[in-house]
Every structure is written in C-alpha cells, then in structure tokens.
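Coordinate analysis (summary)
Below, each chain spelled out in residue letters.
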Amino acid sequence: MGSNPSMQEKDVKAYNKATEKSDVQTYYNLGVSFYYGDRGEKNLVEAVKWYRKAAEQGHVHAQFNLGRCYDRGIGVEHDQEEAVKWFMNAAQQGHIYAQYNLGVCYFNGLGVGQNPEEAAKWFRKAAEQELALAQYNLGSCYFNGQGVERNPDEAVKWYRKATEQGHAMAQYELGFTNLMGKWDAEKRVEAIEFIIKAAYQGF
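Below: a short report on this structure. (Residues numbered from 1 in each chain as written. Predicted model: local features only at pLDDT ≥ 70, side-chain atom pairs only at ≥ 80, totals over all residues. Heavy atoms only, no water.)

**Quick notes on the packing of aromatic side chains**
Summed over the entire model, instances satisfying the criterion amount to 8 aromatic pairs. Summarising the aromatic geometry, the rings of Y28 and Y51 are spaced 6.0 Å apart at their centres and angled 35° between planes, so their arrangement reads as tilted. One end of the pair, Y28, is in helix 2 (residues 24-36); the other, Y51, is in helix 3 (residues 44-55), and 23 residues separate them in sequence. The exposure class of Y28 is buried, given its relative accessible area of 15%. Between Y35 and Y51, the ring centres sit 6.3 Å apart and the planes meet at 45°, which makes this aromatic pair tilted. One end of the pair, Y35, is in helix 2; the other, Y51, is in helix 3, with 16 residues separating them in the sequence. For the pair Y35 and Y51, one class covers both residues: buried. An aromatic cluster is present here, built from Y28, Y35, Y36 and Y51 joined pairwise through their rings. A cation over an aromatic ring shows up here: K53 above the ring of Y27, its NZ or CZ 6.0 Å from the ring centre. Its end group placed over the ring of W158, K161 keeps NZ or CZ at 5.8 Å from the ring centre. (Phe/Tyr/Trp six-rings, centres within 6.5 Å; stacked < 30°, edge-to-face > 60°. Helix = DSSP H or I, 4+ residues; strand = E, 2+ residues; numbered from the N terminus. Buried < 20%, exposed > 50% of the residue type's maximum accessible area, 1.4 Å probe, protein only. Lys NZ or Arg CZ within 6 Å of the ring centre and 35° of its normal.)

Shown next as structure tokens:
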C-alpha cells in the first residue's frame, strides 16, 4: 500500500506553487491554513507571514486578517497603528468588517487620532452594507451627536435596521428611545417588546 503525502510535504508543494506563480490567492489560503491549523498544528507566525504576502499584493481579506492580527497581537506583537494601516487598505476596497473596525479605531482613538466624524463615516459605509454592529454604532452616533449632528429620528432608523437583524443592544436602545419619546400606545407596546427581546438575549 502506498502512503499518502504528509502534511509537511503538502505544505512544501503549496509553498513552491505560491513562490513559482506568485499566486496571491495561494498566499492567502496558506495563511488561513496556518491560522486555523488545517495542515496540522496552528502556526500563527507562519499565518501572519502568508497573510502579509497576500496583503501586500492587494488581497482584501488578507489585509483585513493581517490588521486583525496586529489589533489582537496574534502571531505578531500588538501594533495598533499597523492594524489601522491594514484595516484602512481593506476598508477602501469595501471590506465590511474592516470598515467597522476602522470606525471603532477612529471613535476610540486606537492607533489613530480620535475622530468621531471619521468614525461615523466608516460606520455608515459598513451600515449601508447591512452590518448590524455598524448600524447600531451609527444609530448611537446620531442619538448622542457624536461625529454627526444629533438626530433622534435618524438614530431610530439605524437602531431599527440593526434590530431587524437581532442585535440585542439595538433592540434595547430602540425600545428605550420609544418609551422616552412622545409616542402613542401602540409604539409603547412595540418598545416593550423590543426590550423583552433584548432581555431574552441576555442584555
């Protein structure tokens, strides 16, 4: 009986393929494989190395993953400025989670100067792509007047969009906002229902 190629041999073949053809997708796939341990044990340092090779050639998912590694100190020393750099590269290509993370960085001044206006801008880009987290955060920006002019009606609009996707905090905020507003009895019943939904999710 012949033996199957070892994982190490498969790695060498994949490495050779990537090196010979400069295949950016193969670079990314290798990064994912090392990150999750698909080829044996996890190797986060190797994952970062391959993510970087793909990211430097413009691979949007590699750019986001590399940013996340720097953001969390995974396979590389934590470096928030470097995280922002790669989030920005991916966000400019329309990566929804990179846009959201970039908004968080600007909102909290992580690796970049605190800038609520920029935060709201990137939250909006992700919110318009239907990311519930971004919709909730954009709603909060409007509710509190952070980075945008305060507009409770616009806040309710974005809270509702996040609520429709089951976002617990948005459900609570929408319910609370409706309870505090001058709404009719039907709206108040709806508000209580939203708060109950949030409670069932442990909020």
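Back to the text.
**Quick look at the nonpolar core**
Residues Y51, L66 and L102 are the most contacted members of the largest nonpolar core, which totals 52 residues. Per-element tally for this core: the top contributor is helix 5 (residues 80-92), with 7 residues. Those residues in contact with Y51 that lie beyond four places of it in its chain are Y28, G31, V32, Y35, A62, N65, L66 and C69. (Core = buried A, V, L, I, M, F, W, Y, C linked by side-chain atoms within 4.5 Å. Contact = heavy atoms within 4.5 Å.)

**Section: the side chain of H95**
Among the structural elements, H95 can be located in the loop between helix 5 and helix 6 (96-108). Judged by its relative accessible area of 10%, H95 is buried. Separated by 3.3 Å, the side chain of H95 and the backbone nitrogen of Y97 make a polar contact. Those residues in contact with H95, other than ones at most four positions away along the chain, are V60, H61, F64 and A90. (Polar contact = N/O pair within 3.5 Å; in protein donor to acceptor, adjacent residues only side chain to side chain.)

**Observations concerning the environment of A98**
Following the sequence through the fold, A98 ends up in helix 6. Each C-alpha atom, one on A98 and one on V60, is 9.3 Å from the other, the two residues being 38 residues apart in sequence. Apart from the residues within four sequence positions on either side, A98 is in contact with F64, F87, A90 and A91.

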